[in-house]
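Tertiary structure, described
The residues making up each chain are set out below.
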Amino acid sequence: MEIEFAAPGPVEGEPLSAVAVLAFDGAVLSAPAETLDAQTSGAVSRALAGGRFTGAKGQALDIVAPAGLHAARLVLVGAGDQDAFDDQALENAAAAAYNAVKLSGASLLELRLADASASNAARAGFGARLAAYRFDRYRTTEKPEKKPSVTLTRVVADDPDAAALAFEPLSALAEAIWFARDLVSEPANVLYPEEFARRVKRLEDLGLEVEVLGEAEMARLGMGALLGVGQGSERESQLAIIQWRGADDPNAQPVAFVGKGVTFDTGGISLKPGEGMEDMKWDMGGAAAVAGVMHALAGRKAKVNAVGILGLVENMPDGKAQRPGDVVTSMSGQTIEVINTDAEGRLVLADALWYCQDRFKPRFMVDLATLTGAMIIALGLDYAGVFSNDDELAEGLLAAAGAEGENLWRMPLPAQYEKQIESPIADMKNIGGRPAGSITAALFLKKFVNELPWAHLDIAPTAWKKPSTTPTIPEGATGYGVRLLNRLVADKYEG
């Protein structure tokens, strides 16, 4: 779906067009809605009087073929509290407008805002673009009524040229989110470690530098923790290194992001139950988010140096697979007793984190991983958890999360829980039992971080939505983390 910006004027309409305007709590009409109500001889007022539309978020009132309007339909979209109508509310309203008409047969959606400033128009276009995401690569047949009909969203703006300019960085961000969502949505027979690395390699077209290490190179580096996870798979494990040099000094200290990329997780020898295992194609959501944020930084030419590290493996049961009770040696030299092969993501991250800090010595490291089911038990399905050794970094992440609508909650890192991952035969074990499972996983990762600021985002609750309750996120892959990290860099580390 394309986005364009147009100057204010009368609704000219097309044979297959829809015009969307906003209303707020209490059925308070926006100025464009009042104008169209008058133009249609009170059609909007009559529709309000005859129904239960109140202007609450998520509501939509569809008026088909209103007299006096050159459009196939007029849609009134609920925007909620007018006093709390911020960027997030605007994005969601624009997304809700798209969702209300996407299957209607209309090919054009025109959005008319009360405040049609360039920034508002750009933000509305961004919301509609995010809502239009659809992963249909493998559909060969589909009923016409289930296929979105809207191919163009036109946002009315006071200054269309300024709106188009303001939209450019948001468009780059939307493309990056779509890229991350595509990665997460792909089935594991298509997206395995080498293919993931190949797709990341194509990002060099944006100006990124991409290196890929294979198993032989990782073995020479001593990455026994990461390699142990993938040794039961016929697919070769990979480590992808992505660099963006956007700062004035290309050698300035970078910021760093590390992602867990388990392209499919059977649990290994500690096999998962069969029910729901198909969802484990998205156990690489952390690596997808890191690839997405690097895409975003390059796409908008961010004034920062950044590095992304992706640990890409497939966790399969096989005669060569890692066993419970095995001991592996990580790149750091620390040894790990593998109690459960389904606690594999932390093994991947252990070596990826160590490699990142050892080679790049970044300003900070943030890792993202669909790491623990315990995080879902603790926070439900709408919040990711953040664990950090640095208050400033944690506060920056929480502020960015709030600004971008990606819910995040800080979790504790109590040292006394480290006893749960003590091993009788190695430096540590990879799982500490059911109590505080997300915390002990984070404490495990902390052992592979030196004194630099570090944060761990457990995104198990938020990487995939089924169903979704957010208008800008269709059911399925969310791309969670791309917006958050892009905002963190823009607000605190560029320049």
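Structure: above.
All figures in this text were calculated on a predicted structure; none of them were measured in a lab. (Residues numbered from 1 in each chain as written. Predicted model: local features only at pLDDT ≥ 70, side-chain atom pairs only at ≥ 80, totals over all residues. Heavy atoms only, no water.)

Notes on the sheet that holds strand E12 (residues 327-329)
Here is the rule: Strand pairing is assigned whenever DSSP detects at least two bridges linking the two strands. Helix and strand labels come from DSSP, where a helix needs a run of H or I of at least four residues and a strand needs a run of E of at least two; each type is numbered from the N terminus.
Ordered by their spatial adjacency, three strands build an open sheet running E12-E13-E17, and the pairing between neighbours is mixed. The sheet is open, and its two borders are formed by E12 and strand E17 (428-429), each paired with just one other strand. Relative to E17, strand E13 (residues 335-337) runs parallel, the two sharing two bridges. Within the sheet, the bridge partner assigned to Glu337 lies in E17 and is Lys429.

What to know about the side chain of Ser237
The condition that has to hold: Here, residues are in contact when the closest pair of their heavy atoms is within 4.5 Å.
Topologically, Ser237 is positioned in the loop between helix H8 (224-230) and strand E9 (238-245). When residues no more than four places from it in sequence are discounted, the contact partners of Ser237 are Pro193, Leu213, Gly214, Glu215, Met218, Leu226, Gly230, Leu312 and Val313.

Structural notes on the packing of aromatic side chains
Counted only if it meets this: Aromatic contacts are taken between Phe, Tyr and Trp rings whose centres are within 6.5 Å, Trp giving its six-membered ring; a plane angle under 30 degrees counts as stacked, one over 60 as edge-to-face, and the others as tilted.
The final tally for this structure, using the stated rule, is nine aromatic pairs. Between Phe5 and Phe167 the ring centres are 5.5 Å apart and the planes differ by 65 degrees, which places this aromatic pair in the edge-to-face class. Placement of the pair is Phe5 in strand E1 (residues 2-6) and Phe167 in helix H5 (residues 160-185), with a sequence separation of 162 residues. Ring centres of Tyr383 and Trp409 lie 6.2 Å apart, and the angle between their planes is 85 degrees; this geometry places the pair in the edge-to-face category. Here Tyr383, found in the loop between helix H11 (373-379) and strand E15 (384-388), pairs with Trp409, found in strand E16 (residues 408-410); they are 26 residues apart in sequence, far enough to count as distant.

A look at the pairing of strand E6 (residues 108-111)
Remember that side chains alternate between the two faces of the sheet whenever the strand is regular. Under the convention used in this document: Residue exposure (1.4 Å probe, protein chains only): buried if accessible area is under 20% of the type maximum, exposed if over 50%, otherwise partly exposed. Note on handedness: a crossover is taken as right-handed if, strands pointing away from the viewer, the path from the first strand over the helix to the second is clockwise.
Across the two faces of E6 the burial is the same, with Leu108 and Glu110 and Leu109 and Leu111 all buried. In terms of strand pairing, strand E2 (residues 17-24) meets E6 through four bridges, oriented parallel. When the sheet's bridge partners are listed, Ala20 is paired in E6 with Leu111. Sheet topology note: the E6/strand E7 (residues 152-156) ladder contains four bridges and is parallel. Its bridge partner being in E7, Glu110 is matched across the sheet by Arg154. A crossover connection joins E6 to the parallel E7 through helix H4 (residues 118-131); in handedness this β-α-β unit is right-handed.

Remarks on the pattern of salt bridges
Oppositely charged side chains are able to pair whenever their charged atoms sit close together. Stated formally: What counts as a salt bridge is simple: a side-chain nitrogen of Lys or Arg found within 4 Å of a carboxyl oxygen of Asp or Glu.
Taken as a whole and assessed by the stated rule, the structure comprises 30 salt bridges. Across the pair Arg487 and Glu404 runs a salt bridge whose closest N-O atoms are separated by 2.7 Å. With Arg487 in helix H14 (residues 482-492) and Glu404 in helix H12 (residues 391-404), this pair connects stretches of sequence that are 83 residues apart. Overall, the relative accessible area of 26% leaves Arg487 in the partly exposed class. Counted as one network, the salt bridges with shared partners bring together Asp87, Glu91, Arg123, Glu404, Arg483, Arg487 and Asp491.

Some details on the sheet that holds strand E11 (residues 305-315)
Defined as follows: Axis lines are fitted to C-alpha atoms, over the contacting stretch for helices. Their N-to-C directions set the angle, which ranges from 0 to 180 degrees.
Strands sit in the order E8-E9-E11-E10-E14-E18-E15-E16 across an open sheet of eight strands; the sheet is mixed. Taken across any chain shown, the strands that pair with only one partner, and hence form the sheet edges, are strand E8 (209-213) and E16. Sheet twist, expressed as the average angle between the axes of neighbouring strands with direction ignored, equals 20 degrees. Its contacts with the sheet put helix H6 (residues 193-201) on E8, E9, strand E10 (255-265) and E11, and the angle it makes with E11 is roughly 160 degrees. Each of E10, strand E14 (365-369), E16 and strand E18 (454-458) is contacted by H14, which is oriented at about 170 degrees to E10, the strand it contacts most.

Considering the environment of Ser423
To be explicit about the condition: Here a polar contact means two N or O atoms within 3.5 Å. Within protein one must be a hydrogen donor candidate and the other an acceptor candidate, and residues neighboring in sequence count only if both atoms are side-chain atoms.
Within the element layout of this structure, Ser423 appears in the loop between E16 and E17. Residue Ser423 is classed as buried on the basis of its relative accessible area, which comes to 15%. In terms of polar contacts, Ser423 uses its side chain to reach the backbone amide nitrogen of Ile425, at 3.1 Å. Among the polar contacts made by the side chain of Ser423, one reaches the main-chain amide nitrogen of Ala426 at a distance of 3.1 Å.

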